[in-house]
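# Per-entry structural report
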There are 2 protein chains.
Amino acid sequence: MNDSGDGEGTERAAPSRRKDARRNKATLLEAAAAVFVTSGVEAPVRDIAARAGVGVGTIYRHFPKRADLIIAVYRHQVDACAEAGPALLASGATPHAALRQWIDLFVDFLVTKHGLAAALHSDDAGFDALHAYFIDRLVPVCSELLTAAAGAGEIDSGIEAYELMRGVGNLCIGADNDPRYDARRLVGLLVTGLRRPR
Amino acid sequence: MNDSGDGEGTERAAPSRRKDARRNKATLLEAAAAVFVTSGVEAPVRDIAARAGVGVGTIYRHFPKRADLIIAVYRHQVDACAEAGPALLASGATPHAALRQWIDLFVDFLVTKHGLAAALHSDDAGFDALHAYFIDRLVPVCSELLTAAAGAGEIDSGIEAYELMRGVGNLCIGADNDPRYDARRLVGLLVTGLRRPR
DNA sequence: GCAGAAACGGAACAGCGTTCCGTATTGTCT
DNA sequence: AGACAATACGGAACGCTGTTCCGTTTCTGC
(Lines give C-alpha, C1' and ligand atoms only; values in the text may rest on other atoms or scores of the structure.)
Protein backbone atom coordinates (compact mmCIF):
# COMPACT_ATOMS: atom_id res chain seq x y z
CA MET A 1 0.00 0.00 0.00
CA ASN A 2 1.45 3.40 0.93
CA ASP A 3 5.05 3.80 1.99
CA SER A 4 7.73 6.38 2.51
CA GLY A 5 9.46 5.22 -0.66
CA ASP A 6 12.86 6.47 -1.57
CA GLY A 7 14.02 6.12 -5.13
CA GLU A 8 11.63 3.20 -5.61
CA GLY A 9 10.04 4.11 -8.91
CA THR A 10 6.33 4.70 -8.87
CA GLU A 11 5.90 6.17 -5.38
CA ARG A 12 4.66 9.63 -4.57
CA ALA A 13 5.15 9.79 -0.80
CA ALA A 14 7.83 12.09 0.56
CA PRO A 15 11.26 10.41 0.35
CA SER A 16 12.00 10.82 4.04
CA ARG A 17 13.47 13.94 5.64
CA ARG A 18 16.74 12.48 6.75
CA LYS A 19 19.70 11.16 4.85
CA ASP A 20 20.52 8.38 7.32
CA ALA A 21 16.97 7.12 7.10
CA ARG A 22 17.18 6.84 3.32
CA ARG A 23 20.53 5.13 3.52
CA ASN A 24 19.29 2.67 6.12
CA LYS A 25 16.29 1.78 4.03
CA ALA A 26 18.49 1.02 1.05
CA THR A 27 20.91 -0.99 3.20
CA LEU A 28 17.98 -2.91 4.61
CA LEU A 29 16.67 -3.80 1.16
CA GLU A 30 20.08 -5.06 0.15
CA ALA A 31 20.51 -7.06 3.34
CA ALA A 32 17.03 -8.53 3.08
CA ALA A 33 17.57 -9.58 -0.51
CA ALA A 34 20.82 -11.28 0.45
CA VAL A 35 19.33 -13.04 3.46
CA PHE A 36 16.28 -14.14 1.49
CA VAL A 37 18.55 -15.88 -0.99
CA THR A 38 20.40 -17.68 1.76
CA SER A 39 17.67 -18.47 4.27
CA GLY A 40 14.39 -17.86 2.48
CA VAL A 41 11.84 -15.14 2.95
CA GLU A 42 10.94 -16.45 6.40
CA ALA A 43 14.38 -15.68 7.77
CA PRO A 44 14.34 -14.23 11.30
CA VAL A 45 13.98 -10.47 11.39
CA ARG A 46 17.01 -10.30 13.65
CA ASP A 47 19.15 -11.93 10.98
CA ILE A 48 18.21 -9.26 8.49
CA ALA A 49 18.83 -6.53 11.05
CA ALA A 50 22.22 -7.97 11.91
CA ARG A 51 23.21 -8.29 8.26
CA ALA A 52 22.27 -4.65 7.70
CA GLY A 53 24.01 -3.56 10.90
CA VAL A 54 20.86 -1.97 12.35
CA GLY A 55 18.50 -2.69 15.21
CA VAL A 56 15.21 -4.50 14.71
CA GLY A 57 13.33 -1.31 15.48
CA THR A 58 14.74 0.23 12.32
CA ILE A 59 13.27 -2.55 10.22
CA TYR A 60 9.81 -2.06 11.64
CA ARG A 61 9.99 1.68 11.17
CA HIS A 62 10.69 1.34 7.47
CA PHE A 63 8.62 -1.78 6.89
CA PRO A 64 5.82 -1.94 9.47
CA LYS A 65 4.76 -5.40 8.36
CA ARG A 66 7.15 -8.08 7.26
CA ALA A 67 5.17 -8.33 4.04
CA ASP A 68 6.14 -4.75 3.18
CA LEU A 69 9.79 -5.71 3.18
CA ILE A 70 9.20 -8.73 0.99
CA ILE A 71 7.14 -6.68 -1.43
CA ALA A 72 9.81 -4.00 -1.60
CA VAL A 73 12.51 -6.57 -2.36
CA TYR A 74 10.59 -8.27 -5.16
CA ARG A 75 8.51 -5.40 -6.52
CA HIS A 76 10.61 -4.93 -9.63
CA GLN A 77 10.50 -8.57 -10.59
CA VAL A 78 6.77 -8.84 -10.03
CA ASP A 79 6.19 -5.75 -12.09
CA ALA A 80 8.39 -7.11 -14.86
CA CYS A 81 6.36 -10.30 -14.86
CA ALA A 82 3.12 -8.36 -15.03
CA GLU A 83 4.39 -6.31 -17.95
CA ALA A 84 5.50 -9.40 -19.84
CA GLY A 85 1.89 -10.58 -20.14
CA PRO A 86 0.60 -8.20 -22.79
CA ALA A 87 3.92 -8.43 -24.60
CA LEU A 88 3.64 -12.19 -24.91
CA LEU A 89 0.07 -11.90 -26.06
CA ALA A 90 1.12 -9.53 -28.82
CA SER A 91 4.10 -11.58 -29.90
CA GLY A 92 2.62 -13.95 -32.42
CA ALA A 93 1.83 -17.15 -30.58
CA THR A 94 -1.70 -18.27 -29.84
CA PRO A 95 -3.27 -16.90 -26.65
CA HIS A 96 -3.05 -20.30 -24.98
CA ALA A 97 0.65 -20.52 -25.80
CA ALA A 98 1.14 -16.98 -24.49
CA LEU A 99 -0.67 -17.92 -21.30
CA ARG A 100 1.58 -20.94 -20.93
CA GLN A 101 4.72 -18.89 -21.46
CA TRP A 102 3.59 -16.22 -19.05
CA ILE A 103 2.79 -18.75 -16.37
CA ASP A 104 6.20 -20.34 -16.92
CA LEU A 105 7.72 -16.95 -16.26
CA PHE A 106 5.81 -16.66 -13.01
CA VAL A 107 6.74 -20.18 -11.95
CA ASP A 108 10.41 -19.55 -12.68
CA PHE A 109 10.25 -16.47 -10.51
CA LEU A 110 8.52 -18.20 -7.61
CA VAL A 111 10.55 -21.37 -7.65
CA THR A 112 13.82 -19.50 -7.33
CA LYS A 113 12.66 -17.55 -4.26
CA HIS A 114 13.00 -19.94 -1.36
CA GLY A 115 9.84 -19.95 0.70
CA LEU A 116 8.10 -17.17 -1.19
CA ALA A 117 5.33 -19.38 -2.53
CA ALA A 118 4.67 -20.69 0.96
CA ALA A 119 4.57 -17.21 2.45
CA LEU A 120 2.25 -16.13 -0.33
CA HIS A 121 -0.36 -18.62 0.74
CA SER A 122 0.23 -18.58 4.44
CA ASP A 123 -2.98 -17.78 6.29
CA ASP A 124 -0.92 -15.72 8.71
CA ALA A 125 -2.59 -12.31 8.77
CA GLY A 126 0.77 -10.56 8.55
CA PHE A 127 1.14 -11.74 4.98
CA ASP A 128 -2.15 -10.33 3.77
CA ALA A 129 -0.45 -7.37 2.13
CA LEU A 130 1.93 -9.67 0.25
CA HIS A 131 -0.94 -11.78 -0.97
CA ALA A 132 -2.87 -8.69 -1.98
CA TYR A 133 0.05 -7.22 -3.87
CA PHE A 134 0.60 -10.31 -5.97
CA ILE A 135 -3.10 -10.64 -6.63
CA ASP A 136 -3.52 -6.99 -7.56
CA ARG A 137 -0.58 -7.01 -9.87
CA LEU A 138 -0.88 -10.38 -11.58
CA VAL A 139 -4.52 -11.40 -11.61
CA PRO A 140 -5.55 -8.71 -14.13
CA VAL A 141 -2.77 -9.82 -16.46
CA CYS A 142 -3.74 -13.45 -16.13
CA SER A 143 -7.35 -12.52 -16.67
CA GLU A 144 -6.48 -10.81 -19.92
CA LEU A 145 -4.61 -13.85 -21.20
CA LEU A 146 -7.41 -16.15 -20.11
CA THR A 147 -10.02 -14.03 -21.85
CA ALA A 148 -7.98 -13.96 -25.04
CA ALA A 149 -7.59 -17.73 -25.00
CA ALA A 150 -11.29 -18.19 -24.38
CA GLY A 151 -12.06 -15.74 -27.17
CA ALA A 152 -9.90 -17.79 -29.53
CA GLY A 153 -11.84 -20.89 -28.53
CA GLU A 154 -8.76 -22.57 -27.08
CA ILE A 155 -10.11 -23.05 -23.58
CA ASP A 156 -13.60 -23.33 -22.26
CA SER A 157 -13.24 -24.04 -18.60
CA GLY A 158 -14.94 -21.27 -16.68
CA ILE A 159 -11.96 -20.85 -14.41
CA GLU A 160 -11.22 -17.45 -12.90
CA ALA A 161 -7.79 -15.87 -13.09
CA TYR A 162 -7.63 -15.62 -9.30
CA GLU A 163 -8.16 -19.32 -8.87
CA LEU A 164 -5.63 -20.22 -11.53
CA MET A 165 -2.99 -17.94 -10.04
CA ARG A 166 -3.50 -19.38 -6.60
CA GLY A 167 -3.28 -22.88 -7.95
CA VAL A 168 -0.03 -22.12 -9.75
CA GLY A 169 1.37 -20.45 -6.66
CA ASN A 170 0.42 -23.43 -4.54
CA LEU A 171 2.08 -25.85 -6.91
CA CYS A 172 5.32 -23.93 -6.45
CA ILE A 173 5.44 -24.48 -2.72
CA GLY A 174 8.44 -26.51 -1.67
CA ALA A 175 9.60 -26.79 -5.25
CA ASP A 176 13.23 -26.24 -4.40
CA ASN A 177 15.62 -28.81 -2.99
CA ASP A 178 13.44 -31.78 -3.92
CA PRO A 179 14.58 -33.37 -7.15
CA ARG A 180 11.49 -35.56 -7.21
CA TYR A 181 9.13 -32.62 -7.36
CA ASP A 182 9.11 -30.44 -10.45
CA ALA A 183 6.57 -27.65 -10.13
CA ARG A 184 7.05 -26.70 -13.76
CA ARG A 185 5.83 -30.06 -14.97
CA LEU A 186 2.73 -30.00 -12.78
CA VAL A 187 1.88 -26.45 -13.74
CA GLY A 188 2.31 -27.52 -17.34
CA LEU A 189 -0.22 -30.31 -16.81
CA LEU A 190 -2.61 -27.88 -15.19
CA VAL A 191 -2.38 -25.50 -18.15
CA THR A 192 -2.85 -28.43 -20.50
CA GLY A 193 -5.95 -29.35 -18.56
CA LEU A 194 -7.41 -25.96 -19.42
CA ARG A 195 -7.39 -26.70 -23.12
CA ARG A 196 -10.69 -27.33 -24.74
CA PRO A 197 -11.04 -30.96 -25.71
CA ARG A 198 -11.46 -31.22 -29.45
CA MET B 1 6.89 -45.16 12.84
CA ASN B 2 6.91 -47.12 16.09
CA ASP B 3 4.73 -46.12 18.98
CA SER B 4 3.31 -47.36 22.22
CA GLY B 5 -0.06 -47.78 20.58
CA ASP B 6 -3.06 -48.70 22.65
CA GLY B 7 -6.11 -50.15 20.96
CA GLU B 8 -5.13 -48.39 17.73
CA GLY B 9 -5.59 -51.24 15.27
CA THR B 10 -2.48 -52.38 13.47
CA GLU B 11 0.12 -51.82 16.19
CA ARG B 12 2.19 -54.48 17.84
CA ALA B 13 4.06 -52.50 20.51
CA ALA B 14 3.14 -53.12 24.13
CA PRO B 15 -0.04 -51.22 25.02
CA SER B 16 1.51 -49.41 27.98
CA ARG B 17 1.80 -50.77 31.51
CA ARG B 18 -0.53 -48.36 33.22
CA LYS B 19 -4.22 -47.76 32.92
CA ASP B 20 -4.02 -43.98 33.39
CA ALA B 21 -1.48 -43.75 30.59
CA ARG B 22 -3.80 -45.55 28.20
CA ARG B 23 -6.73 -43.41 29.23
CA ASN B 24 -4.74 -40.21 28.83
CA LYS B 25 -3.62 -41.20 25.39
CA ALA B 26 -7.20 -41.79 24.33
CA THR B 27 -8.34 -38.53 25.92
CA LEU B 28 -5.54 -36.74 24.13
CA LEU B 29 -6.57 -38.14 20.77
CA GLU B 30 -10.14 -37.02 21.32
CA ALA B 31 -9.07 -33.58 22.47
CA ALA B 32 -6.67 -33.18 19.57
CA ALA B 33 -9.31 -34.20 17.05
CA ALA B 34 -11.73 -31.67 18.53
CA VAL B 35 -9.17 -28.86 18.60
CA PHE B 36 -8.00 -29.64 15.06
CA VAL B 37 -11.54 -29.17 13.82
CA THR B 38 -11.85 -25.83 15.58
CA SER B 39 -8.41 -24.32 15.20
CA GLY B 40 -6.64 -26.43 12.61
CA VAL B 41 -3.78 -28.86 12.99
CA GLU B 42 -1.38 -26.08 13.92
CA ALA B 43 -3.26 -25.30 17.10
CA PRO B 44 -0.99 -24.55 20.08
CA VAL B 45 0.05 -27.62 22.02
CA ARG B 46 -1.14 -25.93 25.20
CA ASP B 47 -4.67 -25.68 23.82
CA ILE B 48 -4.78 -29.40 23.21
CA ALA B 49 -3.34 -30.10 26.65
CA ALA B 50 -5.89 -27.81 28.27
CA ARG B 51 -8.77 -29.38 26.36
CA ALA B 52 -7.64 -32.82 27.49
CA GLY B 53 -7.04 -31.64 31.04
CA VAL B 54 -3.41 -32.74 31.08
CA GLY B 55 -0.04 -31.00 31.16
CA VAL B 56 2.02 -30.42 28.06
CA GLY B 57 4.57 -32.94 29.24
CA THR B 58 1.97 -35.66 28.87
CA ILE B 59 1.45 -34.83 25.24
CA TYR B 60 5.14 -35.09 24.48
CA ARG B 61 5.46 -38.36 26.33
CA HIS B 62 2.75 -39.99 24.20
CA PHE B 63 3.53 -38.16 20.99
CA PRO B 64 7.19 -37.14 20.96
CA LYS B 65 6.78 -35.14 17.76
CA ARG B 66 3.73 -33.12 16.93
CA ALA B 67 3.51 -35.06 13.69
CA ASP B 68 2.93 -38.26 15.69
CA LEU B 69 -0.22 -36.77 17.18
CA ILE B 70 -1.53 -35.64 13.82
CA ILE B 71 -0.81 -39.04 12.30
CA ALA B 72 -2.57 -40.81 15.16
CA VAL B 73 -5.65 -38.63 14.76
CA TYR B 74 -5.98 -39.16 11.02
CA ARG B 75 -4.51 -42.64 10.61
CA HIS B 76 -7.85 -44.34 10.12
CA GLN B 77 -8.98 -41.93 7.45
CA VAL B 78 -5.71 -42.12 5.57
CA ASP B 79 -5.81 -45.90 5.68
CA ALA B 80 -9.38 -45.90 4.44
CA CYS B 81 -8.35 -43.71 1.56
CA ALA B 82 -5.44 -45.98 0.71
CA GLU B 83 -7.68 -49.01 0.74
CA ALA B 84 -10.22 -47.36 -1.52
CA GLY B 85 -7.70 -47.25 -4.36
CA PRO B 86 -7.67 -50.90 -5.42
CA ALA B 87 -11.41 -51.07 -4.82
CA LEU B 88 -12.07 -48.24 -7.25
CA LEU B 89 -9.76 -49.80 -9.78
CA ALA B 90 -11.70 -53.06 -9.60
CA SER B 91 -15.09 -51.42 -9.78
CA GLY B 92 -15.74 -51.17 -13.45
CA ALA B 93 -14.68 -47.71 -14.54
CA THR B 94 -11.59 -47.06 -16.65
CA PRO B 95 -8.31 -46.70 -14.78
CA HIS B 96 -8.20 -42.99 -15.49
CA ALA B 97 -11.70 -42.56 -14.07
CA ALA B 98 -10.71 -44.61 -11.02
CA LEU B 99 -7.65 -42.42 -10.56
CA ARG B 100 -9.84 -39.35 -10.75
CA GLN B 101 -12.29 -40.72 -8.20
CA TRP B 102 -9.54 -41.76 -5.86
CA ILE B 103 -7.87 -38.37 -6.02
CA ASP B 104 -11.24 -36.74 -5.37
CA LEU B 105 -11.47 -38.82 -2.23
CA PHE B 106 -8.07 -37.63 -1.12
CA VAL B 107 -8.89 -34.02 -1.89
CA ASP B 108 -12.16 -34.23 0.04
CA PHE B 109 -10.24 -35.55 2.99
CA LEU B 110 -7.55 -32.88 2.89
CA VAL B 111 -9.81 -29.95 2.24
CA THR B 112 -11.93 -30.66 5.28
CA LYS B 113 -8.91 -30.74 7.62
CA HIS B 114 -8.05 -27.16 8.32
CA GLY B 115 -4.32 -26.60 7.82
CA LEU B 116 -3.44 -30.24 7.22
CA ALA B 117 -2.37 -29.70 3.63
CA ALA B 118 -0.16 -26.83 4.71
CA ALA B 119 1.43 -28.86 7.50
CA LEU B 120 1.96 -31.70 5.07
CA HIS B 121 4.19 -29.58 2.91
CA SER B 122 5.78 -27.44 5.56
CA ASP B 123 9.55 -27.64 5.37
CA ASP B 124 9.62 -27.61 9.15
CA ALA B 125 11.65 -30.66 10.13
CA GLY B 126 9.14 -31.59 12.84
CA PHE B 127 6.64 -32.54 10.17
CA ASP B 128 8.90 -34.98 8.36
CA ALA B 129 7.18 -37.96 9.91
CA LEU B 130 3.77 -36.68 8.81
CA HIS B 131 5.02 -36.19 5.31
CA ALA B 132 6.60 -39.61 5.29
CA TYR B 133 3.46 -41.31 6.56
CA PHE B 134 1.26 -39.85 3.87
CA ILE B 135 3.82 -40.65 1.21
CA ASP B 136 4.35 -44.22 2.42
CA ARG B 137 0.68 -44.91 2.62
CA LEU B 138 -0.66 -43.20 -0.47
CA VAL B 139 2.07 -43.08 -3.09
CA PRO B 140 2.02 -46.84 -3.73
CA VAL B 141 -1.73 -46.71 -4.24
CA CYS B 142 -1.46 -43.78 -6.59
CA SER B 143 1.34 -45.50 -8.42
CA GLU B 144 -0.85 -48.53 -8.99
CA LEU B 145 -3.63 -46.42 -10.43
CA LEU B 146 -1.20 -44.49 -12.59
CA THR B 147 0.35 -47.66 -13.95
CA ALA B 148 -3.07 -49.09 -14.74
CA ALA B 149 -4.06 -45.94 -16.59
CA ALA B 150 -0.81 -45.92 -18.52
CA GLY B 151 -1.27 -49.60 -19.33
CA ALA B 152 -4.70 -48.82 -20.72
CA GLY B 153 -3.16 -46.12 -22.88
CA GLU B 154 -5.17 -43.38 -21.21
CA ILE B 155 -2.24 -41.31 -20.05
CA ASP B 156 1.28 -40.98 -21.34
CA SER B 157 2.86 -38.32 -19.25
CA GLY B 158 5.83 -39.81 -17.48
CA ILE B 159 4.76 -38.37 -14.17
CA GLU B 160 5.65 -40.15 -10.94
CA ALA B 161 3.05 -40.90 -8.28
CA TYR B 162 5.08 -38.97 -5.71
CA GLU B 163 5.05 -35.84 -7.78
CA LEU B 164 1.36 -36.09 -8.51
CA MET B 165 0.47 -36.61 -4.86
CA ARG B 166 2.53 -33.65 -3.80
CA GLY B 167 0.92 -31.51 -6.46
CA VAL B 168 -2.54 -32.52 -5.36
CA GLY B 169 -1.66 -31.88 -1.73
CA ASN B 170 -0.27 -28.47 -2.59
CA LEU B 171 -3.39 -27.52 -4.48
CA CYS B 172 -5.40 -28.21 -1.33
CA ILE B 173 -3.53 -25.66 0.74
CA GLY B 174 -5.75 -22.86 1.95
CA ALA B 175 -8.74 -24.39 0.22
CA ASP B 176 -11.09 -23.69 3.06
CA ASN B 177 -12.74 -20.37 3.84
CA ASP B 178 -12.04 -18.88 0.44
CA PRO B 179 -15.07 -19.14 -1.82
CA ARG B 180 -13.00 -17.99 -4.79
CA TYR B 181 -10.63 -20.94 -4.57
CA ASP B 182 -11.91 -24.41 -5.30
CA ALA B 183 -9.15 -26.98 -4.96
CA ARG B 184 -11.37 -29.67 -6.42
CA ARG B 185 -11.70 -27.85 -9.72
CA LEU B 186 -7.96 -27.27 -10.04
CA VAL B 187 -7.13 -30.84 -9.15
CA GLY B 188 -9.69 -31.88 -11.76
CA LEU B 189 -7.87 -29.81 -14.36
CA LEU B 190 -4.58 -31.35 -13.34
CA VAL B 191 -5.96 -34.85 -13.74
CA THR B 192 -7.44 -33.88 -17.07
CA GLY B 193 -4.02 -32.63 -18.09
CA LEU B 194 -2.67 -36.15 -17.57
CA ARG B 195 -4.87 -37.59 -20.27
CA ARG B 196 -3.23 -38.63 -23.45
CA PRO B 197 -4.15 -36.31 -26.29
CA ARG B 198 -5.83 -38.29 -29.03
C1' DG C 1 0.45 -51.93 52.50
C1' DC C 2 4.75 -50.91 50.35
C1' DA C 3 8.43 -50.27 47.42
C1' DG C 4 9.78 -48.89 43.00
C1' DA C 5 8.63 -48.07 38.48
C1' DA C 6 5.84 -45.34 35.47
C1' DA C 7 3.53 -41.31 34.34
C1' DC C 8 2.12 -36.70 35.44
C1' DG C 9 2.07 -31.45 35.56
C1' DG C 10 3.74 -27.32 34.70
C1' DA C 11 7.78 -24.34 35.42
C1' DA C 12 11.67 -23.23 32.68
C1' DC C 13 14.15 -22.52 28.39
C1' DA C 14 14.92 -21.08 23.65
C1' DG C 15 13.46 -18.76 19.45
C1' DC C 16 10.30 -16.11 17.17
C1' DG C 17 7.69 -11.42 15.76
C1' DT C 18 6.56 -7.03 17.47
C1' DT C 19 6.41 -2.88 20.52
C1' DC C 20 8.33 0.71 23.20
C1' DC C 21 11.17 4.25 24.83
C1' DG C 22 15.59 6.44 26.30
C1' DT C 23 19.33 8.02 23.43
C1' DA C 24 21.71 9.71 19.37
C1' DT C 25 21.62 12.01 14.99
C1' DT C 26 20.11 15.35 11.74
C1' DG C 27 18.15 19.50 9.77
C1' DT C 28 16.92 24.18 10.62
C1' DC C 29 16.51 28.60 12.50
C1' DT C 30 18.70 32.40 14.75
C1' DA D 1 28.33 28.58 15.40
C1' DG D 2 25.06 27.29 18.64
C1' DA D 3 20.81 25.48 20.08
C1' DC D 4 16.50 23.28 19.69
C1' DA D 5 13.05 20.34 17.72
C1' DA D 6 12.06 16.72 14.91
C1' DT D 7 13.38 12.51 13.34
C1' DA D 8 15.40 8.10 13.53
C1' DC D 9 18.03 4.71 16.01
C1' DG D 10 19.14 0.43 18.95
C1' DG D 11 18.01 -3.10 21.58
C1' DA D 12 15.68 -4.42 25.88
C1' DA D 13 11.20 -6.15 26.88
C1' DC D 14 6.80 -8.45 25.94
C1' DG D 15 3.89 -12.14 24.48
C1' DC D 16 3.45 -16.17 22.01
C1' DT D 17 5.21 -20.30 20.31
C1' DG D 18 7.39 -25.51 20.73
C1' DT D 19 10.10 -28.40 23.65
C1' DT D 20 12.65 -30.15 27.71
C1' DC D 21 13.29 -31.28 32.45
C1' DC D 22 12.50 -32.72 36.96
C1' DG D 23 10.10 -32.82 41.56
C1' DT D 24 5.72 -34.91 42.64
C1' DT D 25 1.94 -38.07 42.19
C1' DT D 26 -0.21 -42.37 40.84
C1' DC D 27 -0.29 -46.99 39.71
C1' DT D 28 1.09 -52.02 39.90
C1' DG D 29 3.07 -56.28 41.48
C1' DC D 30 4.37 -58.40 45.50
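Every chain's residues receive numbers from 1 upward, in the order its sequence appears when written. A letter from A marks each chain and a number from 1 marks each ligand, given out in the order of writing. Only residues with pLDDT of 70 or above have their local features reported here, since the model is predicted, and side-chain atom pairs are shown and tallied only from 80 upward, although totals for entire chains, interfaces and linings are computed over all residues. With hydrogens and water excluded, all non-hydrogen atoms of the structure serve as input to the side-chain values.

## Focus on helix H2 (residues 45-52) of chain B
Residue and element names in this part refer to chain B. Just so we agree on the cut-off: The rule is simple: take the accessible area with a 1.4 Å probe, protein chains only, and divide by the maximum for that residue type; under 20% is buried, over 50% is exposed, in between is partly exposed. Secondary structure elements follow DSSP: runs of H or I no shorter than four residues count as helices, runs of E no shorter than two count as strands, and numbering proceeds from the N terminus. The directions considered for the arc run from the helix axis to the C-beta atoms. Contact definition: two residues touch when any of their heavy atoms are within 4.5 Å.
Considered for burial, the residues of H2 that qualify are Val45, Ile48, Ala49 and Ala52. Each buried residue of H2 lies within a common arc of 100° when the element is viewed along its axis, so the set occupies one face. For H2, the exposed residues lying more than 90 degrees away from the buried face are Arg46, Ala50 and Arg51. The inward-facing, buried residues of H2 contact helix H1 (19-39), helix H3 (56-62) and helix H4 (66-90). One or two positions beyond H2, positive phi appears at glycine 53, with a value near 70°.

## Description of the protein's contact with DNA strand D
Definition in use: Whether a residue is near a molecule or strand depends on its heavy atoms: it is near if one of them lies within 4 Å of it. Under this definition, polar contacts are N or O atom pairs within 3.5 Å; protein pairs additionally need one hydrogen-donor-capable and one acceptor-capable atom, and for neighbouring residues in sequence, both atoms have to be side-chain atoms.
Taken together, 26 residues lie around DNA strand D, and Arg18(A), Asn24(A), Thr58(A), Arg61(A) and Arg46(B) are the ones closest in. The protein-proximal atoms of DNA strand D, defined as those within 4 Å of the protein, are 58% sugar or phosphate. In this structure, a phosphate oxygen belonging to DNA strand D sits 2.7 Å away from a side-chain N or O atom of Thr58(A). Within the backbone of Lys19(B), one N or O atom sits 2.9 Å away from a phosphate oxygen of DNA strand D.

## Looking at the environment of Leu194(A)
By secondary structure assignment, the location of Leu194(A) is in helix H9 (residues 183-194). For Leu194(A), a relative accessible area of 1% translates into the label buried.

## Brief notes about the pattern of salt bridges
The line we're drawing: By definition, a salt bridge exists where a carboxyl oxygen of Asp or Glu is found within 4 Å of a side-chain nitrogen of Lys or Arg.
Per the stated rule, a full pass over the model turns up 14 salt bridges over all chains. Across the pair Arg166(A) and Asp178(B) runs a salt bridge whose closest N-O atoms are separated by 3.0 Å. In this pair, Arg166(A) sits in helix H8 (residues 161-171) while Asp178(B) sits in the loop between helix H8 (161-171) and helix H9 (183-194), so the two residues belong to two different chains. Judged on exposure class, the residue Arg166(A) and its partner Asp178(B) are both buried. The residue Asp108(B) makes a salt bridge to Arg184(B) at a minimum N-O spacing of 2.6 Å. Here Asp108(B), found in helix H5 (residues 95-111), pairs with Arg184(B), found in helix H9; they are 76 residues apart in sequence, far enough to count as distant. When its relative accessible area of 32% is taken as the criterion, Asp108(B) is described as partly exposed. Each of the salt bridges in this network shares a partner with another, and the network as a whole consists of Asp79(A), Glu83(A) and Arg137(A).

## Some points on the nonpolar core
Stated formally: Definition used in this section: a nonpolar core is a set of buried Ala, Val, Leu, Ile, Met, Phe, Trp, Tyr and Cys residues joined via side-chain atoms within 4.5 Å.
With 144 residues, the main nonpolar core has Trp102(A), Leu130(A), Phe134(A), Trp102(B), Leu130(B) and Phe134(B) as its most contacted residues. With near-sequence residues (within four places) excluded, Phe134(A) lies in contact with Val78(A), Phe106(A), Phe109(A), Leu116(A), Leu120(A) and Val139(A).

## A short note on the relation of the copies chain A and chain B
In plain terms, the rule: The copies were overlaid by least squares, fitting only the C-alpha atoms of residues that reach a pLDDT of 70 or more in each copy.
Taken as rigid bodies, chain A and chain B are interconverted by a rotation of 180° and an axial shift of 0.0 Å, the fit giving an RMSD of 0.0 Å. Classification of the inter-copy transformation places it as that of a two-fold axis. When the interface residues of chain A are mapped onto chain B, 100% of them again fall at the interface, so both copies present the same face.

## Examining unusual backbone geometry
Residue and element names in this part refer to chain A. Notably, asparagine 177 is not glycine yet its phi reads approximately 45°, a positive angle. Tracing the chain through its elements places asparagine 177 in the loop between H8 and H9. Exposure remark for asparagine 177: the relative accessible area of 68% places this residue in the exposed category.

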